Amino acid sequence: MKEKYAKVGLNYDLIAGRYPDINEYEEIVNAYLSDPFFEELEDYLDDEDYALAKDALKGLYILAQDLYLYPLYMAIMEVYEDIEEELYMDVMGHYKEMMAVYKKIRGAFHV
């Protein structure tokens, strides 16, 4: 079990300390990773609807932090900061990096 978490950059001991029922934790993570905002975010960015993208990102990064999904949290924050600082030239690149991290973690949890 610990190896699965380490493989995607997660700290199993930290997570187990906060979520003693690891099966319940994984159910919560699977529900979070099924959030349609991950996929819809690309449309928001393509449409340059940065206000909607920013709102979606807020919810995603808060939950990633609460679930100790720190690699995903950091990747989401890169996209959020691009929008916050109006660095729109970088946002799609950071979105693609975020989705790579998302898919890696999702692959470990969705069996």
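It should be emphasised that the depicted structure is a prediction, and the values quoted were computed from it without experimental measurement. (Residues numbered from 1 in each chain as written. Predicted model: local features only at pLDDT ≥ 70, side-chain atom pairs only at ≥ 80, totals over all residues. Heavy atoms only, no water.)

Draft legend 1. Region of interest: the nonpolar core. Residues Y25, Y32, L69, L72, I76 and M98 are the most contacted members of the largest nonpolar core, which totals 41 residues. For this core, the secondary structure elements donating two or more residues are α2 (12–18), α3 (22–33), α4 (37–46), α5 (50–66), α6 (70–84) and α7 (88–109). Contacts of Y25, omitting those with residues within four sequence positions, involve Y5, I15, Y19, L67, L69 and F109. (Core = buried A, V, L, I, M, F, W, Y, C linked by side-chain atoms within 4.5 Å. Buried < 20%, exposed > 50% of the residue type's maximum accessible area, 1.4 Å probe, protein only. Helix = DSSP H or I, 4+ residues; strand = E, 2+ residues; numbered from the N terminus. Contact = heavy atoms within 4.5 Å.)

Draft legend 2. Structural detail: α4. Those residues of α4 that fall on the buried side of the exposure criterion are F38, L41, Y44 and L45. Projection of α4 onto a plane perpendicular to its axis shows the buried side chains occupying an angular sector of 95°, all on one side. In the core, the buried residues of α4 are packed alongside α3, α5, α6 and α7. Positioned one or two residues after α4, E48 has a phi angle of 55°, which is positive. (Arc of directions from axis to C-beta.)

Draft legend 3. Representation of the packing of α4 against α5 in the model. The geometry of α4 relative to α5 is characterised by a closest axis approach of 9 Å and an angle of 155° between their N-to-C directions. The orientation of α4 with respect to α5, classified from their angle, is roughly antiparallel. Crossing handedness for the pair α4 and α5: left-handed. Residue-level contacts link F37, F38, L41, Y44 and L45 of α4 to Y50, L52, A53, A56, L57 and L60 of α5. In terms of residue class, the contact of α4 with α5 is built from 11 nonpolar, no polar and no charged. (Axes fitted to C-alpha atoms, helices over the stretch in contact; angles between N-to-C directions. Parallel < 35°, antiparallel > 145°, perpendicular 65-115°, else oblique. Left-handed = near helix turned anticlockwise from the far one by under 90°. Nonpolar A, V, L, I, M, F, W, Y, C, P; charged D, E, K, R; others polar.)

Draft legend 4. View of the packing of aromatic side chains. The final tally for this structure, using the stated rule, is 13 aromatic pairs. Measuring from ring centre to ring centre gives 5.2 Å for Y5 and Y12, while their planes differ by 75°; the resulting arrangement is edge-to-face. In this structure, Y5 and Y12 share a single accessibility class: buried. Relative to F109, the ring of Y25 has its centre 6.4 Å away and its plane inclined at 70°; by these criteria the two rings are edge-to-face. (Phe/Tyr/Trp six-rings, centres within 6.5 Å; stacked < 30°, edge-to-face > 60°.)

Draft legend 5. Region of the structure containing a negative patch on the surface. A cluster of acidic residues, E39, E40, E42, D43, D46, D47, E48 and D49, forms a negative patch at the surface. On the secondary structure map, E48 appears in the loop between α4 and α5. For E48, a relative accessible area of 57% gives the class exposed. (Patch = residues over 30% accessible without salt bridge, like charges linked within 9 Å, V, L, I, M, F, W, Y side chains within 5 Å. Areas by Shrake-Rupley, 256 points an atom, 1.4 Å probe, with all protein chains shown as cover. Salt bridge = Lys/Arg side-chain N within 4 Å of Asp/Glu carboxyl O. Lys, Arg positive; Asp, Glu negative; His and termini not counted. Charge placed at Lys NZ, Arg CZ, Asp CG, Glu CD.)

Draft legend 6. Just the confidence of the model for the protein, in detail. The predicted model of the protein averages 95 in pLDDT, with 99% of residues at 70 or higher. Least confident of the elements in the protein is helix α1 (residues 2–7), whose mean pLDDT is 92; most confident is α6, at 97. (pLDDT = per-residue confidence, 0-100.)

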